[in-house]
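# Structural features, examined
These are the residues of each chain, in order.
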Amino acid sequence: MTVQQDFKLGCQTFTWEMLGDDWKGGPDDLLEAISGAGYTGIEITDKMIGRYIDDAPAFARALEAAGLTLVSYAVASPSGYCEADAVASDVEQIRRTAGFVARFPGALISMGSATVMSPGARAAKHDIAARVYSESHAAARAEGVEVAVHPSSHTDTLIYDEADYFAIFERMDPDVGWVPDTGHILRGGQSVADAMTRWHDRIRYVHLKDVDQGGDWAMLGAGVVDVSEVGRIAASAPRFNGWLVLEEESEAAGRDPSGAVAANFKTLREALSASADH
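Described in the following lines is the structure provided in the data block. Computed from a predicted structure; not experimentally measured.

A tally of helices and strands in the protein chain yields 12 helices and 10 strands. Taken over C-alpha atoms, the radius of gyration comes to 18 Å for the protein chain, in line with the 19 Å a tight globule of 278 residues would show. Its C-alpha atoms give the protein chain principal-axis dimensions of roughly 50 × 40 × 35 Å. Carbon together with sulfur atoms contributes 49% to the accessible area of the protein chain, which is approximately 11,700 Å² in total. Charged side chains in the protein chain number 23 positive and 42 negative. The centres of these two groups are separated by 4 Å.

See the structure below:
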């Protein structure tokens, strides 16, 4: 069986977003770079979709011209999804986003990691975040779109280590999906295999990132992530949609994001091919 039949390979646009003001391009540049590297899917963020943000038909035409499928639309909120007075507005944001994403069959909404934005008990913030995720999922479902949560290991994240994962997942509607991110899982002190096995039923697609032994970002294949193990566990998840989405945050990507994601595509193809041969 070929790699293409086993998995679909996508690319996340945060690799460019993390450049901040140093990034001078637009969404069409992202489509060109991602398609040119060989990927067939894209996960674009609400910060990088640019002029297409209110024009789903135009974005659909641009994707078709580039030969790309929308895997997911990644969104975040100034509230960090854990401010009580922002619950209604956060859920409404997802409802509106779902109206856009519904134009792209099979695409999901990826909700960013709940993040501490103000003082308060961590447990209370987990309660609010779980409510936002659950109610957002219901709102998106009404539009025919699935929601998946993407935990993080960045500053002040509320979904960092195993205890946080338990806190959120046990409070959240069991039908809300999860995007396991290999790099963030490792930086939070968990085993990727253990986490993906423990919350197997929530997996919708996977973010592949690598880190070294010290938890610093590394190019795919230069760190400790076992790609074949990740693929094996994901493939057996009951609601996994087949997409492996690469996201690169290393220093190499900061210097040359297009070159970094192109190199990762080749690394992943080789790793998956080697795994399929055994």
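The strands making up a sheet are joined through hydrogen bonds of the backbone, oriented either antiparallel or parallel. On the basis of which strands lie adjacent, the open sheet formed by eight strands has the order 6-5-4-3-2-1-10-7 and parallel pairing. In this open sheet, the two edge strands, each paired with only one partner strand, are strand 6 (177-178) and strand 7 (206-208).

What follows covers the pattern of salt bridges. Scanning the model with the defined rule gives 16 salt bridges in all. In this structure, Glu92 and Arg95 form a salt bridge, with 2.5 Å as the shortest nitrogen-oxygen distance. With Glu92 and Arg95 both in helix 5 (residues 87-101) and three residues apart, the pair spans about one turn of that helix. For Arg95, a relative accessible area of 34% translates into the label partly exposed. The partner of Arg239 in a salt bridge is Asp175, with the nearest N and O atoms 2.5 Å apart. Placement of the pair is Arg239 in the loop between helix 10 (227-235) and strand 10 (243-246) and Asp175 in the loop between helix 7 (162-171) and strand 6, with a sequence separation of 64 residues. A single salt-bridge network, built from bridges that share partners, covers Arg141, Glu146, Asp175 and Arg239.

Let's shift gears to the pairing of strand 10. The alternating pattern of strand 10 places Trp243 and Val245 on one face and Leu244 and Leu246 on the opposite face, and all of these are buried. The pairing of strand 1 (residues 8-12) with strand 10 spans four bridges and is classified as parallel. Bridged to Gly10 within strand 10 is Val245. Bridge analysis of strand 7 against strand 10 gives three bridges, and the strand direction is parallel. Bridging across to strand 10, His207 finds its partner in Val245.

The next subject is the packing of helix 5 against helix 6 (residues 122-141). Interhelical geometry of helix 5 versus helix 6 gives an angle of 30° and a closest axis separation of 9 Å. In this view, helix 5 runs roughly parallel relative to helix 6, as classed from their interaxial angle. Regarding helix 5 and helix 6, the two cross each other, and that crossing is right-handed. In contact with Val87, Asp90, Val91, Ile94, Arg95 and Ala98 of helix 5, helix 6 contributes Ile128, Arg131, Val132, Glu135, Ser136, Ala139 and Ala140. Considered class by class, the residues forming the contact of helix 5 with helix 6 number eight nonpolar, one polar and four charged.

Backbone phi values are negative for most residues with the exception of glycine, while trans is the configuration of most peptide bonds. The phi dihedral of Tyr81 falls on the positive side, at around 60°, and the residue is not glycine. Mapped onto the elements, Tyr81 comes out in the loop between strand 3 (69-75) and helix 5. The class of Tyr81 is buried, set by a relative accessible area of 1%. One non-glycine residue with positive phi stands out, namely Asp156, at about 70°. For Asp156, the position within the fold is in the loop between strand 5 (147-149) and helix 7. Given a relative accessible area of 47%, Asp156 falls into the partly exposed group.

This part takes up the pairing of strand 2 (residues 41-45). Extensive coverage of strand 2 is indicated by the burial of five of its five residues. Neither face of strand 2 is left uncovered, since the one carrying Gly41, Glu43 and Thr45 and the one carrying Ile42 and Ile44 both have all their residues buried. Pairing of strand 1 with strand 2, which is carried by three bridges, proceeds in the parallel orientation. Residue pairing across strands places Gly10 opposite Gly41, the latter belonging to strand 2. Pairing between strand 2 and strand 3: five bridges, direction parallel.

Two numbers describe a pair of packed helices, the interaxial angle and the distance between the axes. Two numbers describe how helix 6 lies on helix 7: the axes approach to 8 Å, and their chain directions differ by 45°. Classed by the angle they form, the pair helix 6 and helix 7 counts as oblique. Relative to helix 7, helix 6 is oriented so that their crossing is right-handed. Contacts between helix 6 and helix 7 involve Arg122, Ala123, His126, Asp127, Ala129, Ala130 and Tyr133 on the former and, on the latter, Asp164, Ala167, Ile168 and Arg171. Across the contact of helix 6 with helix 7, the residue classes break down as six nonpolar, one polar and four charged.

Basis of the calculations
- Residues numbered from 1 in each chain as written.
- Predicted model: local features only at pLDDT ≥ 70, side-chain atom pairs only at ≥ 80, totals over all residues.
- Heavy atoms only, no water.
- Helix = DSSP H or I, 4+ residues; strand = E, 2+ residues; numbered from the N terminus.
- Rg over C-alpha atoms; globule rule 2.2 N^0.38 Å.
- Areas by Shrake-Rupley, 256 points an atom, 1.4 Å probe, with all protein chains shown as cover.
- Lys, Arg positive; Asp, Glu negative; His and termini not counted.
- Charge placed at Lys NZ, Arg CZ, Asp CG, Glu CD.
- Pairing = 2+ DSSP bridges.
- Salt bridge = Lys/Arg side-chain N within 4 Å of Asp/Glu carboxyl O.
- Buried < 20%, exposed > 50% of the residue type's maximum accessible area, 1.4 Å probe, protein only.
- Axes fitted to C-alpha atoms, helices over the stretch in contact; angles between N-to-C directions.
- Parallel < 35°, antiparallel > 145°, perpendicular 65-115°, else oblique.
- Left-handed = near helix turned anticlockwise from the far one by under 90°.
- Contact = heavy atoms within 4.5 Å.
- Nonpolar A, V, L, I, M, F, W, Y, C, P; charged D, E, K, R; others polar.

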